[in-house]
Amino acid sequence: MRYGEPVDEVSDVVQDERRITLTVNGRRRAVEVEPRLLLAHLLREGLGLTGTHLGCDTTSCGACTVLVDGTPVKSCTMLAVQADGHEVTTVEGLGTPSELDPVQEGFSIEHGLQCGFCTPGMMLTSKALLERNPDPSEDEVRWALSGNLCRCTGYQNIVKAVLWAARKQAPAGNGASANGSGGEAES
């Protein structure tokens, strides 16, 4: 078919679905997807995990951030077929209502959210940061979160929340951290 020619059948346009297998929040899933389906849409519409938010579809805001094999990925520009064979973590996979992840707990205690739209992406980016750097400085937290936009806060409480989570996860008896973030956060 040449560009600009009329399409006689829908089958000329619709691509065949592909079967992919991925692990989402610890649960192995096999799904049929169109090759052009975005990971964000699979998570939200296909799997009902609506904590993954769509804010811009251009990777600018970070609201759609999920972890793929522990690395923050903006799911609005990743195809679902690219997640085949990988582990995906959404905000729903961080903790439970009775046992919050330290990052979730920090966002609650330090008032790191307002409207909550950016919060899932912020939390997952923070989780990845703390996995690779359990004792980040304030500047390191700000740099890690620089790909996530919040339109409600001034980011200060988000940063405090991540530093709170780092302290909470620190080994017992560790006291103040090397970057001086030990003890209570200042207001």
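Each remark here, short or long, concerns the structure printed above.
The text that follows walks through the structure, step by step, so that each part is easy to find. Everything numeric in this text was worked out from a predicted model, so none of it was measured.

## Comments concerning the sheet that holds strand S2 (residues 27-33)
Item 1. The strand order across the open sheet formed by five strands is S2-S1-S5-S3-S4, and the pairing between neighbours is mixed. Whereas interior strands pair on both sides, the edge strands pair on one side only; in this sheet they are S2 and strand S4 (71-74). Strand-to-strand, the axes of this sheet are offset by a mean angle of 40°, without reference to chain direction.
Item 2. Relative to S4, strand S3 (residues 65-68) runs antiparallel, the two sharing four bridges. Counterpart to Thr 65 in the pairing with S4 is Lys 74.
Item 3. Against the sheet, helix H3 (residues 119-132) engages S3, S4 and strand S5 (87-89), with an angle of about 35° to S3.

## Digging into the pattern of salt bridges
Item 1. Taken as a whole and judged by the stated rule, the model has seven salt bridges.
Item 2. For Lys 168, the salt bridge is made with Glu 105, and the minimal N-O distance between the two is 3.0 Å. Taken as a pair, Lys 168 in helix H5 (residues 156-169) and Glu 105 in helix H2 (residues 102-109) lie far apart in primary sequence, 63 residues in all.
Item 3. Salt bridges linked by common partners bring Asp 101, Lys 127 and Glu 131 together as one network.

## Comments concerning the pairing of S2
Item 1. Here strand S1 (residues 18-24) pairs with S2 via seven bridges, running antiparallel. Across the sheet, Ile 20 pairs through a bridge with Val 31, a residue of S2.
Item 2. Linkage of S1 to S2, two consecutive antiparallel strands, is achieved through a turn of two residues, within which Asn 25 is found at a positive phi near 50°.

## Some points on the state of the cysteines
Item 1. Within the structure shown, the criterion is met by zero disulfides.
Item 2. With no disulfide of its own, Cys 64 has Cys 76 as its nearest cysteine by sulfur position, at a separation of 3.7 Å.
Item 3. For Cys 150, which is in no disulfide, the shortest distance to another cysteine sulfur is to Cys 118 and amounts to 3.7 Å.

## A look at the nonpolar core
Item 1. Membership of the largest hydrophobic core comes to 23 residues, with the highest contact counts inside it found for Phe 107, Met 122, Val 141 and Val 162.
Item 2. Discounting residues that sit within four places of it in the chain, Val 141 has contacts with Leu 129, Pro 136, Val 159, Val 162 and Leu 163.
Item 3. In this structure, Val 24, Leu 49, Val 66 and Val 88 belong to the second largest nonpolar core, which totals 16 residues.

## Some remarks on the packing of H3 against H5
Item 1. Axis separation between H3 and H5 bottoms out at 11 Å; the angle between their running directions is 40°. When the axes of H3 and H5 are compared, the pair comes out oblique. The element H3 and its partner H5 pack so that their crossing is right-handed. Residues Met 122, Ser 126, Lys 127, Leu 129 and Leu 130 of H3 lie in contact with H5, whose contacting residues are Ile 158, Val 162, Ala 165, Ala 166 and Gln 169.

## Some points on the packing of H2 against H3
Item 1. The geometry of H2 relative to H3 is characterised by a closest axis approach of 9 Å and an angle of 125° between their N-to-C directions. By the angle between their directions, the pair H2 and H3 is classed as oblique. You can see that H2 and H3 cross each other, and the crossing is right-handed. Together, Val 103, Gln 104 and Phe 107 of H2 and Thr 119, Met 122, Met 123, Ser 126, Lys 127 and Leu 130 of H3 make up the contact between the two elements.
Item 2. Residues belonging to the contact of H2 with H3 are distributed by class as follows: five nonpolar, three polar and one charged.

Analysis parameters
- Numbering of residues begins from 1 in every chain and follows the order in which that chain's sequence is written.
- Reporting in this predicted model follows two pLDDT cut-offs: at least 70 for local features of residues, and 80 or more for side-chain atom pairs to be given and counted; totals over whole chains, interfaces and linings ignore these cut-offs and use all residues.
- As a rule here, side-chain values come from all non-hydrogen atoms in the structure, and water together with hydrogens is ignored.
- Two strands are said to pair when DSSP picks up at least two bridges between them.
- The helix count covers DSSP runs of H or I at least four residues long, the strand count covers runs of E at least two residues long, and both are numbered beginning at the N terminus.
- To obtain each axis, a line is fitted to C-alpha atoms, and for helices this fit is confined to the stretch in contact; angles are then taken between N-to-C directions over 0 to 180 degrees.
- The contact definition used throughout considers only heavy atoms, calling two residues in contact when any of these lie within 4.5 Å.
- Within this document, salt bridges are pairs made up of a side-chain nitrogen of Lys or Arg and a carboxyl oxygen of Asp or Glu, the two lying within 4 Å of each other.
- The criterion for a disulfide is a pair of cysteine sulfur atoms lying within 2.5 Å.
- Joining through side-chain atoms within 4.5 Å is the link that ties buried Ala, Val, Leu, Ile, Met, Phe, Trp, Tyr and Cys residues into a set, and such a set is a nonpolar core.
- Exposure classes here rest on a 1.4 Å probe applied to the protein chains alone. A residue is buried below 20% of its type maximum, exposed above 50%, and partly exposed in between.
- Orientation labels follow simple angle bins: below 35 degrees gives roughly parallel, above 145 gives roughly antiparallel, 65 to 115 gives roughly perpendicular, and whatever is left gives oblique.
- Whether a crossing is left-handed or right-handed is set by the direction in which the near helix is turned from the far one by less than a right angle, anticlockwise for left-handed and clockwise for right-handed.
- Gly is placed with the polar residues, together with every amino acid not listed as nonpolar (Ala, Val, Leu, Ile, Met, Phe, Trp, Tyr, Cys and Pro) or charged (Asp, Glu, Lys and Arg).

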